[in-house]
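# Structural overview
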Amino acid sequence: MDEIKQLVADIKQKNLKPIYLLMGEETYYIDKLSDYIEDNVLTEEERGFNLMVLYGRDVTVEDIVGHAKRYPMMAEYQVIIVKEAQDLSRTIEKLAEYAKNPQPSTILVLNYKYKSADKRKALYKTIKKSGVVFESKKLYENQVADWIRRTLSPKSYSITPKAAQMLVEFLGNNLSKINNELEKLQIILPKETQITPEHIEENIGISKDYNNFELRKAIGARDVVKAQRIVKYFAENPKDNPMVVTVSLVFSFFSQLLQIHGLSDKNPRSVASAVKINPYFVDEYLVAVRNYPMKKVSANISILREFDVKSKGIGSNAVPQGDLLKELLVHLMF
């Protein structure tokens, strides 16, 4: 986040570089930075003649260089944004020659998504010297809830830990998808609202009672009735609740319980730090540790590995996923 803030501050102060290579698996920040350059380097009047948006699948490197060597019209700069630049991955190294001596009045932005350019090659090394390289890495899922809170705070919204966790469990660490849902909520809800699980359920369609978060909690508490009710709901709505996702999340849960069992200091703060969970949820984990001795936790991890294979259709083609999930629950809790 500090790197992004510095880049935005530099652009705002017109401390511009001739080439920006925005690359990496997390597309959210690539799009945000690219949009910021597009909206803020040129005035509205200048954009008509001096802003060009190209797409990697439609152009060649030679086209990009040809445009980049032009001079701006009635403006200090021209801005060229190459979206989906990863589509040029086979030929993009040819840009290294231009990067050695870029046109100072051109701001060339390369949006290289879903992966990173080869850091061993000339293009990366040259842009690192003459321009800016920003690598946008995926957040770990345990970092996303905090990102949600930090994203909402400047906009005068807050969110409960459970509501944030519901979004993470439903959308994973895809920041673009999460941001889209948050923007919908901000349109519907007034400023200063604390977003709750009820808001998530009513406006996004994620059940506050029947989700993997609640299933994990029920399993940890050894609440058989609640766990069976959730699994029954999953079995009736398999498209919204794929078993492979459920198994993966429950596997992570028991792996974390194994870590906690190995801690000499089970103080809530130490547990939260060691297992990388929100302190709000530590009590649930400590309850689960009491309910599942280390031997049972280890056995459940082996069971989950077996059912992970089955959930992917290996060795259980004729068994509905809902039935597999019910069977898994029995093995885990008894």
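Everything in this summary refers to the structure shown in the same document. This is a predicted model, so every value here is computed, not measured.

About the criteria used
Here the residue index of a chain counts from 1 through its sequence in written order. The predicted nature of this model means local features are confined to residues of pLDDT at least 70 and side-chain atom pairs, given and counted, to a pLDDT of 80 or more, with totals for whole chains, interfaces and linings taken over all residues. Hydrogens are left out, water is left out, and the side-chain values use all remaining heavy atoms of the structure. Per the convention used, a helix needs a DSSP run of H or I reaching at least four residues, while a strand needs a run of E reaching at least two, with both numbered from the N terminus. Relative accessibility thresholds used throughout: buried, under 20% of the residue-type maximum; exposed, over 50%; partly exposed, between the two (1.4 Å probe, protein chains only). The Shrake-Rupley method, run with a 1.4 Å probe sphere, supplies the accessible areas, and residue values consider only the shown protein chains as cover. Helix span, as expected, comes to 1.5 Å for every residue beyond the first. Directions drawn from the helix axis to the C-beta atoms are what define this arc. The contact definition used throughout considers only heavy atoms, calling two residues in contact when any of these lie within 4.5 Å. Note on pairing: DSSP must find at least two bridges between two strands before they are called paired. Throughout, an axis means a line fitted to C-alpha atoms (over the contacting stretch in the case of helices), and angles, computed between N-to-C directions, take values from 0 to 180 degrees.

### A few points about the overall build of the protein chain
Scanning the protein chain from terminus to terminus reveals 17 helices and 7 strands. Taking the principal axes of its C-alpha atoms as reference, the protein chain extends roughly 75 × 45 × 40 Å. Scored against the burial criterion, the 334 residues of the protein chain give a buried share of 48%. When the accessible surface of the protein chain is summed, it comes to about 17,300 Å², and 51% of that surface belongs to carbon and sulfur atoms.

### Brief notes about helix α16 (residues 294-311)
What sets the pattern is the α-helix's 3.6 residues per turn: residues three or four places apart point alike. For α16, spanning 18 residues, the distance from its first C-alpha to its last is 25 Å, which sits close to the expected 26 Å at 1.5 Å a residue. Those residues of α16 not exposed but buried are Lys296, Val297, Asn300, Ile301, Ile303, Leu304, Phe307, Lys310 and Ser311. Positive backbone phi, approximately 90°, marks Gly313, located one or two places after α16.

### Remarks on unusual backbone geometry
The backbone of Ser156 shows a phi angle near 70°, a positive value even though the residue is not glycine. Of note, Ser156 is situated in the loop between α7 (141-152) and β6 (158-159). Exposure remark for Ser156: the relative accessible area of 28% places this residue in the partly exposed category. A positive phi angle, near 75°, is found at Glu192, a position not held by glycine. Of note, Glu192 is situated in the loop between α9 (175-188) and β7 (194-195). Residue Glu192 is classed as exposed on the basis of its relative accessible area of 63%.

### Concerning the side chain of Asn300
Looking at the element boundaries, Asn300 is found in helix α16. Classification of Asn300 as buried rests on a relative accessible area of 0%.

### Considerations on the environment of Glu44
Looking at where Glu44 falls in the secondary structure, it is placed in helix α3 (residues 44-50). In this structure, the C-alpha to C-alpha distance between Glu44 and Arg150, residues 106 residues apart in sequence, is 31 Å.

### Quick look at helix α4 (residues 61-68)
When α4 is considered as a whole, its buried residues turn out to be Val61, Ile64, Val65 and Ala68. The buried residues of α4 occupy an angular sector of 95° when the element is viewed end-on, so they sit on one face. Along its buried surface, α4 packs onto β2 (51-55), β3 (78-83), α5 (95-100) and β4 (106-113).

### Quick notes on the sheet that holds β2
Strand order in the open sheet made by the 5 strands is β2-β3-β4-β1-β5, with parallel pairing throughout. Of all the strands in the sheet, the pair left with one neighbour each is β2 and β5 (132-135). This sheet shows a mean twist of 15° between the axes of neighbouring strands, independent of strand direction. Bridging between β2 and β3 involves 5 bridges; their strand directions are parallel. Across the sheet, the residue bridging to Leu51 is Val79, located in β3. Across the sheet, helix α2 (residues 27-40) is in contact with β1 (19-24), β2, β3, β4 and β5; its angle to β4 comes to roughly 160°. Sheet strands touched by α4: β2, β3 and β4. Its angle to β3, the strand with the most contacts, is close to 165°.

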